[in-house]
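One-letter residues, chain by chain:
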Amino acid sequence: MVKVNENYLKLKAGYLFPEIARRVKAFQEINPGAPLIRLGIGDVTEPLPEACRLAMKTAIDDMGRHEDFHGYGPEQGYAWLREAIARHDFQARGCAITAEEIFVSDGSKCDSSNILDILGEENRIAVTDPVYPVYVDSNVMAGRTGDADGQGQYGGLTYLPITAANGFVAPLPSTPVDLIYLCFPNNPTGAGASRAHLQQWVDYARSHGSLILFDAAYEAFIQDPDLPHSIYEIEGARECAIEFRSFSKNAGFTGTRCAFTVVPRGLMGQSSTAEPVELWGLWNRRQCTKFNGVSYVVQRGAEAVYSAEGQVQIKALINFYMENAAIIRRELTAAGFEVYGGEQAPYVWLKTPAGTDSWGFFDQLLSRAHVVGTPGSGFGAAGEGYFRLSAFNSRANVNEAMSRLRALGT
Ligand code: MLT
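Residues numbered from 1 in each chain as written. Predicted model: local features only at pLDDT ≥ 70, side-chain atom pairs only at ≥ 80, totals over all residues. Heavy atoms only, no water.

Undergrad: With reference to specific residues and values, describe the packing of aromatic side chains.
TA: All chains considered together, the criterion is met by 27 aromatic pairs. Ring geometry for W201 against Y204: centres 5.8 Å apart, planes inclined by 70°, an arrangement best described as edge-to-face. Of this pair, W201 and Y204 are both found in helix α6 (residues 195–208), 3 residues apart, which corresponds to roughly one turn of the helix. Judged by relative accessible area, Y204 falls into the buried class, the value being 6%. Seen in terms of ring centroids, Y218 and Y347 are 5.2 Å apart; in terms of plane orientation they differ by 70°. Their pairing is edge-to-face. Remark: Y347 occurs in strand β12 (residues 347–351) and Y218 occurs in the loop between β6 (211–215) and β7 (241–246); sequence separation between them is 129 residues. Accessibility assignment for this pair places Y218 and Y347 in one class, buried. (Phe/Tyr/Trp six-rings, centres within 6.5 Å; stacked < 30°, edge-to-face > 60°. Helix = DSSP H or I, 4+ residues; strand = E, 2+ residues; numbered from the N terminus. Buried < 20%, exposed > 50% of the residue type's maximum accessible area, 1.4 Å probe, protein only.)

Quick look at the structure:
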């Protein structure tokens, strides 16, 4: 009989969002008419920006003519998209990132897992707690952790609690780590990170020879002009950080799929014999072997994000979701909840009522208000007693969900 990858057997539960979907489906089977409002998974609801749609339609027509037809594209992404990204997202903010350092992909979720392919198994890994579960589960699947304890924390991982007490930013580890996952603006707490905070991390990584895996999927939602949008705005970050970015949330590409990863030239790791090895070359090699690129049509859609019209349209989308976040914050605060986040990211992080744990609150909200959220404990042990509401929904649904929550009281 074929043997399975037993690391999968160490995983504590189903992946968080399918697990929520399973529970919601079970509820719907018993309550078929219940008018559900989904503020759980951070999936966008508003249509794709017109500039992106028009660019994709034109690209479809290109594919219908011999002279403009595109087969396999470059595994790293088309040069015109990589150049637009480098110019608008990095050089315009003073970051010396070039097109060659941008690798276009089909998602940050995949890239933040796939990056493990090029990193040694002996690396000591740190994650925040709570954390986007992909970082942890992908390490478990790859056999880079021990078993889970009673709280669901895996042996071999260093957990850095992010709490109300530390302003939801990651404390430096007390024992040395080689690989650090940071996500800012943060999923799930919605917290932003200051320049000074990220500088501490870059200084730490440089002095310890560590690598920061920086997930900036929500950077477009930052409202505070003093907060950095990229780790490369921090001095020294080119020497110690890889950054993940996505068109999913800022431009509504969750279903369309386009993202990118930045691997600076000259960013080094080392072999077991202490030979320096450039990570760019390894990632390029990995992508050329295992990935055939994002479709031409979708990359043309992503390129349109950087057009003048595209920029206006995505700003309107972002403002729309951040107004939802402001409504959620305001209404929950008025209803007596302790509320965090929602100011630099489209996620609101709230304390569950006294005596109710995260899944208990999930069940209450689902059964009594027909509102779906995400239990904080699904993001890690330190998320117990918290709950995440996503601002990705229509205004009518957000207003209705808040009036049902108000009626529920704390
Ligand atoms: C979330 O809800 O945390 C996000 O949708 C996850 C993701 O983008 O994969």
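Undergrad: I'd like a rundown of the site of the ligand, residues and numbers included.
TA: What surrounds the ligand is the set F17, I41, G42, Y132, N187, Y218, K249, Y347 and R388. In the model, an oxygen atom of the ligand is placed 2.5 Å from a nitrogen or oxygen of the Y132 side chain. At 2.8 Å, a side-chain N or O of K249 approaches an oxygen atom of the ligand. When the ligand is considered free in solution it has 260 Å² of accessible area, and contact with the protein chains removes 84% of it. For the shell around the ligand, the class distribution of residues is 5 nonpolar, 2 polar and 2 charged. Counting residues domain by domain, the shell around the ligand receives three or more from each of domain 1 (6–47 + 309–408) and domain 2 (52–307). (Near = heavy atom within 4 Å. Polar contact = N/O pair within 3.5 Å; in protein donor to acceptor, adjacent residues only side chain to side chain. Areas by Shrake-Rupley, 256 points an atom, 1.4 Å probe, with all protein chains shown as cover. Nonpolar A, V, L, I, M, F, W, Y, C, P; charged D, E, K, R; others polar. Domains from an automatic or database assignment.)

Undergrad: Tell me about empty space enclosed by the protein, and please be specific about residues and values.
TA: This structure, assessed with the given rule, holds 2 cavities of 30 Å³ or more. Volume-wise, the largest cavity comes out at about 50 Å³. When the residues that make up the lining of the largest cavity are grouped by side-chain class, the tally is 8 nonpolar, 2 polar and no charged. Each pocket or cavity is described by its volume, and for the second largest cavity that value is around 30 Å³. As for the second largest cavity, its lining consists of D89, E219, R245, S246, F247, N250, F260 and Y306. For the lining of the second largest cavity, a count of residues per class yields 3 nonpolar, 2 polar and 3 charged. (1 Å grid on protein atoms, 1.4 Å probe; cavity = no way out; pocket = protein on both sides within 12 Å on 5 of 7 lines; lining within 4 Å. Points joined across faces, edges and corners; volume = space filled by probe spheres on them.)

Undergrad: Run through the nonpolar core, naming residues and quoting values.
TA: Looking at soluble globular proteins, one finds that nonpolar side chains tend to be buried together. Formed by 104 residues in total, the largest nonpolar core has its most connected members in I212, F247, F253, L332 and M402. Examining the composition of this core, we find that 10 residues originate from one element, helix α9 (residues 308–334), more than from any other. Two domains each provide a minimum of three residues to this core, namely domain 1 (6–47 + 309–408) and domain 2 (52–307). Apart from residues lying up to four places away in sequence, F247 is in contact with L81, I85, G252, F253, C258, A259, F260, A302, V305 and Y306. (Core = buried A, V, L, I, M, F, W, Y, C linked by side-chain atoms within 4.5 Å. Contact = heavy atoms within 4.5 Å.)

Undergrad: Please provide a residue-by-residue account of helix α11 (residues 395–408), values included.
TA: One turn of an α-helix holds 3.6 residues; hence residues three or four places apart share an orientation. With 14 residues, α11 extends 20 Å between its outermost C-alpha atoms, agreeing within 8% with the 20 Å of an ideal straight helix rising 1.5 Å per residue. By the burial criterion, the buried members of α11 are V398, A401, M402, R404, L405 and L408. Projected down its long axis, α11 carries its buried residues within an arc of 160°, all on one side. Opposite the buried face of α11, by more than 90 degrees, sit the exposed residues A396 and A407. On its buried face, α11 is in contact with β1 (37–38), α9, α10 (358–369), β13 (371–372) and β15 (386–390). (Expected span 1.5 Å × (residues − 1). Arc of directions from axis to C-beta.)

Undergrad: Can you lay out the pairing of strand β3 (residues 125–129) for me, pointing to particular residues and giving the numbers?
TA: Of all 5 residues in β3, 5 are buried, a share of seventy percent or more. Of the two faces of β3, the one lined by I125, V127 and D129 and the one lined by A126 and T128 are each fully buried. For β3 and strand β4 (residues 157–161), the ladder comprises 5 bridges, and the chain directions are parallel. Residue pairing in the sheet places A126 in a bridge with T158 of β4. Read from β3 through helix α5 (residues 133–141) to β4, the crossover connection turns out right-handed. Pairing between β3 and strand β5 (residues 179–183): 2 bridges, direction parallel. (Pairing = 2+ DSSP bridges. Right-handed = clockwise from strand over helix to strand, strands pointing away.)

Undergrad: Explain the sheet that holds β3 to me, and be specific about the residues and the numbers.
TA: The sheet built from 7 strands is open, its strands ordered β2-β8-β7-β6-β5-β3-β4 with mixed pairing. Whereas interior strands pair on both sides, the edge strands pair on one side only; in this sheet they are β2 (102–105) and β4. Neighbour-to-neighbour, the strand axes of this sheet turn through a mean angle of 20°, independent of strand direction. Packing against the sheet, α6 makes contact with β4, β5 and β6, and its axis sits at approximately 150° to β6. (Axes fitted to C-alpha atoms, helices over the stretch in contact; angles between N-to-C directions.)

Undergrad: Describe unusual backbone geometry, naming the residues involved and giving the relevant values.
TA: Residue P130 follows D129 across a cis peptide bond; omega there is 5°. Note on placement: P130 falls in the loop between β3 and α5. Backbone torsion omega between N187 and P188 reads 20°, so that peptide bond is classified as cis. Relative to the helices and strands, P188 resides in the loop between β5 and α6. One non-glycine residue, F168, lies in the positive phi region at around 60°. Its place among the elements puts F168 in the loop between β4 and β5. Residue classification places F168 among the buried positions, given a relative accessible area of 5%. A positive phi angle, close to 65°, is found at A274, a residue other than glycine.

Undergrad: Outline the sheet that holds β15, listing residues and values.
TA: Taken together, 4 strands build an open sheet; the order of strands is β11-β12-β15-β14 and the sheet is antiparallel. Where the open sheet ends on each side, the last strands, each with one partner, are β11 (339–341) and β14 (374–375). Taken together, the 3 bridges between β11 and β12 define a ladder with antiparallel strand orientation. Following the sheet pairing, G341 is matched in β12 by V348.

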